[in-house]
Amino acid sequence: MATQQTTTAGRVLVAPSVILLFVWMIVPLVMTLYFSSLRYSLLDPDNVSFVGLQNYTAFLTDPDFLTALYNTLVLVISVLIISVCGGILVALLMDQPVFGQNVLRLMVIAPFFVIPTVSALVWKNLLMNPDSGLFAWIARSLGFDPIVWFTNWPMLSVIVIVSWEWLPFASLILLTALQSLDEEQKEAASLDGAGPISYFGYIVLPHIARAITVVILIETIFLLSVFAEIYVTTAGGPGNATTNIPFLVYKQALLNFDIGGASAGGIIAVILANIVAFFLVRIIGRNLEG
Amino acid sequence: MAMKQSTGKRIGVTVLAWVVAFLIFFPILWTFITSFKSELDAIAMPPKFLFFNWTLENYFAVQERSNYLKFAYNSIVLSIGANVFGLLIAVPAAWSMAFAPGKRTKDLLMWMLSTKMMPAVGALVPIYLLFRDLHLLDSLFGVGVVLLLINLPLLIWMLYTYFKEIPVDILEAARMDGASLLNEILYVLTPMAVPGIASTMLLAVILSWNEAFWTLNLTTSNAAPLPAFIASYSAPEGFFWAKLSAASTLAIAPILILGWFSQKQLVRGLTFGAVK
Amino acid sequence: MGSIQLKSVKKAFGAVSVINGIDLGIENGEFAVFVGPSGCGKSTLLRLIAGLEDVTSGQVLIDGKDATNIGPSKRGLAMVFQSYALYPHMSVRGNIAFALKMAGQGADVIEQKVRKAAATLNLTDYLDRKPRQLSGGQRQRVAIGRAIVREPKAFLFDEPLSNLDAALRVQMRVEIGELHNALKTTMIYVTHDQVEAMTMADKIVVLDRGSVAQVGSPLELYNRPNGLFVAGFIGSPTMNMIRGPSAEKRGAATIGIRPEHADISTTAGEWPATVRLAEHLGSDTFVHAEADGIGPLTLRLEGEAPLHPDQRIFVTPREAHLHKFDKDGKRIG
């Protein structure tokens, strides 16, 4: 409901954003697609040739790729399980009438604001170092040998760090969803004699189900691109143990200077993310109706 | 669960909640404490929790040895600069989508959202090469443009959800009062939307401040912001934990404080309005 | 100056036609009221005049000049919105002054005009308050003040009183009427309340499903409604509509008689009826009765009438006040 004038003005005003985003999306994508069909190494930049799908077949049949794909999935799924389950528990706890609720909320949300490189380094050194880290001291105090985290359990270490970063996000969003559960419903359930478990299963879980979906989808988008944490802790190692797809592409491009191969990897990452995005956009889009 | 609870149970739940919150917060607290230790105290076994010689030497050392302020300056310029320019583009776009929607506005919003889901690695190679050829590697301008672009969909979306809450009557009243479109946005919409614009800006600044993919890959020293600065501590050389902690504390403190102020908007922003 | 002409104005939102071709003239200085049930298109028509919506076809003329393609900010009209639409971040002074600022007037002139408007509307003491600190009636006055400082060609009111309580509504109705007498500026007023229309208008435009049902002075509409729709819409309590033999013998499909235009007798009359309820207002008595073979009738008697439920009465319409309608609902005679 508007006049031709406002409609025209609207088009003009939205145009810069649309053009910028379109360029930002399309130009790199087209270039990546183009590069992915070339034999193109920065070490030998004058010798560029068209190789068709060879980069893809090379990338897809490379055992490193399968490892990276596997690592990516392990990382994403583990962190999702930990942060969502943990997030539900934390949110339920914070939703109780406890003393000092506001301060608690601040403490719980804090890790989300920490720069990823900071969290990774703090965990790697101050907490997980096998000689002087706090965990080593706890293990020794309890009479165990300290865990040599990044050597023996590299993937687990990365998972722990990333989960710590994302647990607050899940907690905060689920808490917000929980708090919109109205008091009357709670009281009705208690009058109906619902025990805590059936109360949770029949009332709480359905109520926060959509928030959980949103958390899962948004976290997936970010977790598919975990990079900085690996970059500063394990550099993808030992061996390929913590190399995920973003890190593999980075290695291929900026460490091995293989532009063609890295581009093929980039396209594969885009396809993976799009599968997730497809579902996310639909869910959020449905929400727009309301 | 608002069933009547005994005081005993309430105390039990409170203690449990505090323990959980403390464990989650502990790494940050531990970093903060370690930043006041000498390097020797920092790696002492058993760890020294509170009783050690508190010192500020790490903070001075961080500045002297690695010029912390330069990186902090880059972070500030990038996160604020990119998003101020971002707002200049996003406010008109959000006005348009909220108050002059067309048949395709919804599709456009969803499309903008989907650009946010492009994984950065998909664009790394061409952007890196383009920046190399345009001499934009390690330049504030180059990184700033990338930060602006990756935050633009979020800015538009958040502003859009805030603008939708403003009654269109008031903008129409401005039109009837003879206001041009520019004046309508400048004198009526913007002042009314200040809270929404501020929280949008806040979230965008936080995200830019913490952005660690492009900043690590596109900067080396000149334009490097704090995430890249901290990454330089990953080289395992000597005793550096106290300094790492001091540098980390400096890097996260401002954003932590901003973040605490913006918690409520955060939920809306991060879920694109799907959870309020 | 401020005459407004609509020439075959049509408006459709997509496939839905909201205004089906309206021709209408409003003279300079006239107080015109658009009235009709919700969904009749009256607010849309006002927004078309304001320029907040484009006409799908047809022309809007202001002072004889084609304004169809002129934006709302350039039409020289002022509008008072149902929600008041005050600028919440500006003081009362800022709200009233905004249009003058937009017109680029000097600070002295603005202050002088704001003061004058505030004095007229009893807002002088509130000039530095924000809208949220004002009562509903005060907000309404600010909205009016914002309109009058501009000295517009015409005022457009979009159901301005519907958010006020009943007592305040009567008071504001009087104030707007006085304002019109003082300013002598064209006013177009949209309402769904026929009482507001009857009391305020020089000219009432009754709208029904996007078309003009009838245009006329309040008394013309009251005395000679041109069809069933207007007859039923204007007047309170509503006109009694009677079909069947009583209508047929008068050569009509339907006859209408207003509650105040029938006589009641306890002994004899045309329609025997049973009293269901008598509402004693002091000045009047409203009688709700069930007429045999006809259905419910509402009657209005002056002063006290000693009637009680279940009492048998006889109702006789005054022939001079009888309205006759044909089978299409059109007025006969």
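Predicted model, so just to flag it, every value in this text is computed and none were measured.

Engineer: So what exactly am I meant to see when it comes to the interface of chain C and chain A here?
Structural biologist: As a measure of interface size, the accessible area lost when the parts come together is often cited. Contacts between the two partners involve seven residues from chain C, matched on the other side by five residues from chain A. When chain C packs against chain A, close to 460 Å² is buried across both sides, 50% of that on carbon and sulfur atoms. Of all residues in chain C, C:Phe13, C:Glu53 and C:Asp54 give up the largest surface area on contact with chain A, accounting jointly for 61% of the area buried on that side. The residue inventory of the side of chain C that touches chain A, partitioned by class, reads three nonpolar, two polar and two charged.

Engineer: I'm lost on the interface of chain B and chain A in this one. Help?
Structural biologist: Contact with chain B, which involves 103 residues of that partner, is made by 100 residues of chain A. Of the roughly 9200 Å² buried between chain B and chain A on both sides combined, carbon and sulfur atoms contribute 81%. Our enumeration of links across chain B and chain A arrives at zero salt bridges. Taken together, the links from chain B to chain A amount to six residue pairs in polar contact (both at pLDDT 80 or more). Considering each element in turn, the side of chain B that touches chain A owes the most residues, 18 residues, to helix α1 (residues 7-34) of chain B.

Engineer: Just checking my understanding: could you explain the packing of aromatic side chains for this structure?
Structural biologist: To describe a pair of aromatic rings, one takes the distance between the centres and the angle between the planes. Evaluated as defined, the whole model comprises 34 aromatic pairs over all chains. Seen in terms of ring centroids, B:Phe36 and B:Tyr59 are 5.5 Å apart; in terms of plane orientation they differ by 40 degrees. Their pairing is tilted. Residue B:Phe36 is found in the loop between α1 and α2 (39-42), and its partner B:Tyr59 is found in helix α3 (residues 57-66); the two are separated by 23 residues along the sequence. A relative accessible area of 17% means that B:Tyr59 is categorised as buried. Taken together, a centroid distance of 6.3 Å and an interplanar angle of 20 degrees make the contact between B:Phe99 and B:Phe163 stacked. Here B:Phe99, found in helix α4 (residues 68-99), pairs with B:Phe163, found in helix α7 (residues 140-163); they are 64 residues apart in sequence, far enough to count as distant. Overall, the relative accessible area of 0% leaves B:Phe163 in the buried class. Through a chain of ring-to-ring contacts, the aromatic side chains of A:Trp24, A:Phe227, A:Tyr231, A:Phe247, A:Tyr250, B:Phe213 and B:Trp214 assemble into a single cluster. Over the ring of C:Tyr87 we find C:Arg146; its NZ or CZ atom is 4.7 Å from the centre of that ring. Sitting above the plane of the C:Tyr222 ring, C:Arg258 keeps its charged end 4.2 Å from the centroid.

Engineer: Hey, could you run me through helix α1 (residues 42-50) of chain C in this one?
Structural biologist: Because an α-helix completes one turn every 3.6 residues, residues spaced three or four positions apart along the sequence face the same direction. Residues and elements named next belong to chain C. In terms of residue burial, α1 counts as a mostly covered element, since eight of its nine residues are buried. For α1, the complete set of buried residues consists of Lys 42, Thr 44, Leu 45, Leu 46, Arg 47, Leu 48, Ile 49 and Ala 50. Following α1 by one or two positions, Gly 51 adopts a phi angle in the positive range, close to 95 degrees.

Engineer: What should I look at first to understand α4(B) in this one?
Structural biologist: Its 32 residues give α4(B) an end-to-end C-alpha distance of 45 Å, which sits within 8% of 46 Å, the value for a rise of 1.5 Å per residue. Residue B:Leu87 marks the point of greatest curvature in α4(B), where the axis turns by about 30 degrees.

Engineer: Would you mind going over the domain arrangement of chain B with me for this structure?
Structural biologist: Residue and element names in this part refer to chain B. Entries for chain B in the domain assignment read domain 1 (13-57) and domain 2 (66-270). Spacing between the C-alpha centres of domain 1 and domain 2 amounts to 32 Å. On the side of domain 2, twelve residues touch domain 1, which itself brings eleven residues to the contact. Between domain 1 and domain 2 lies a buried interface of about 900 Å² when both sides are counted; carbon and sulfur atoms form 76% of it.

Engineer: For this particular structure, what's the right way to read the sheet that holds strand β16 (residues 295-302) of chain C?
Structural biologist: The strands that make up a sheet pair up through hydrogen bonds in the backbone, lying either parallel or antiparallel. Residues and elements named next belong to chain C. Strand order in the open sheet made by the five strands is β13-β17-β14-β15-β16, with antiparallel pairing throughout. Each having just a single partner strand, β13 (262-265) and β16 make up the two edges of the open sheet. Each adjacent strand pair in this sheet contributes to an overall mean axis angle of 40 degrees, direction not counted. Summarising the sheet, strand β15 (residues 284-291) and β16 pair through eight bridges and their orientation is antiparallel. Its bridge partner being in β16, Phe 286 is matched across the sheet by Arg 300.

Engineer: Got a minute to help me understand the packing of helix α8 (residues 168-176) of chain B against helix α9 (residues 181-192) of chain B in this structure?
Structural biologist: Residues and elements named next belong to chain B. At a minimum axis separation of 10 Å, α8 and α9 run at an interaxial angle of 155 degrees. For the element pair α8 / α9, the angle class is roughly antiparallel. Taken as a pair, α8 and α9 cross one another with a handedness that is right-handed. Residues Ile 170, Leu 171, Ala 174 and Arg 175 of α8 pack against Glu 184, Val 188, Leu 189 and Met 192 of α9. Taken together, the residues that form the contact of α8 with α9 break down as six nonpolar, no polar and two charged.

Engineer: Looking at this model, I keep getting lost on the pattern of salt bridges. Mind explaining?
Structural biologist: Side-chain pairs of opposite charge can arise where the charged atoms are in close proximity. Residues and elements named next belong to chain C. Taken as a whole, this structure holds 19 salt bridges over all chains when the rule is applied. A salt bridge links Glu 53 to Arg 47; the shortest N-O distance between them is 3.0 Å. Arg 47 carries the same exposure label as Glu 53, and that label is buried. The shortest N-O distance in the salt bridge between Asp 208 and Arg 209 comes to 3.1 Å. Linked through salt bridges whose partners overlap, the residues forming this network are Arg 93, Glu 111, Arg 115 and Asp 128.

Engineer: What should I look at first to understand the nonpolar core in this one?
Structural biologist: The tendency in soluble globular proteins is for nonpolar side chains to be buried as a group. Counting 242 residues, the largest nonpolar core has B:Trp95, B:Phe163, B:Trp214 and C:Phe34 as its most contacted members. By size, the runner-up hydrophobic cluster in this structure holds 43 residues, among which are C:Val114, C:Ala143, C:Phe157 and C:Ile176.

Engineer: Please explain the side chain of C:Asp193 as it appears in this structure.
Structural biologist: Residues and elements named next belong to chain C. Along the chain, Asp 193 falls in the loop between β8 (186-191) and α6 (194-200). Of the side chains with opposite charge, Arg 169 comes closest to the buried, unpaired Asp 193, at an N-O distance of 4.6 Å. For Asp 193, the side chain forms a polar contact with the main-chain nitrogen of Val 195, separated by 2.9 Å.

Engineer: Is there a simple way to think about the sheet that holds strand β10 (residues 211-216) of chain C in this case?
Structural biologist: Residues and elements named next belong to chain C. Strand order in this open sheet of six strands is β6-β7-β8-β3-β9-β10, and the pairing throughout is mixed. Bordering the open sheet on either side are β6 (77-80) and β10, each of which pairs with just one other strand. Taking each pair of neighbouring strands and ignoring which way they run, the sheet shows an average axis angle of 20 degrees. Sheet analysis places strand β9 (residues 203-208) next to β10, joined by five bridges and oriented antiparallel. Its bridge partner lying in β10, Ile 204 is registered against Gly 216. Strands in contact with helix α5 (residues 166-183) are β3 (31-35), β7 (154-158) and β8; relative to β8, the strand with the most contacts, it is inclined by about 160 degrees.

About the cut-offs
Residues numbered from 1 in each chain as written. Chains lettered and ligands numbered in written order. Predicted model: local features only at pLDDT ≥ 70, side-chain atom pairs only at ≥ 80, totals over all residues. Heavy atoms only, no water. Contact = heavy atoms within 4.5 Å. Buried area = accessible area lost by both parts, 1.4 Å probe. Nonpolar A, V, L, I, M, F, W, Y, C, P; charged D, E, K, R; others polar. Salt bridge = Lys/Arg side-chain N within 4 Å of Asp/Glu carboxyl O. Polar contact = N/O pair within 3.5 Å; in protein donor to acceptor, adjacent residues only side chain to side chain. Helix = DSSP H or I, 4+ residues; strand = E, 2+ residues; numbered from the N terminus. Phe/Tyr/Trp six-rings, centres within 6.5 Å; stacked < 30°, edge-to-face > 60°. Buried < 20%, exposed > 50% of the residue type's maximum accessible area, 1.4 Å probe, protein only. Lys NZ or Arg CZ within 6 Å of the ring centre and 35° of its normal. Expected span 1.5 Å × (residues − 1). Bend = angle between axes of the 7 residues up to and from the residue. Domains from an automatic or database assignment. Pairing = 2+ DSSP bridges. Axes fitted to C-alpha atoms, helices over the stretch in contact; angles between N-to-C directions. Parallel < 35°, antiparallel > 145°, perpendicular 65-115°, else oblique. Left-handed = near helix turned anticlockwise from the far one by under 90°. Core = buried A, V, L, I, M, F, W, Y, C linked by side-chain atoms within 4.5 Å. Lys, Arg positive; Asp, Glu negative; His and termini not counted.

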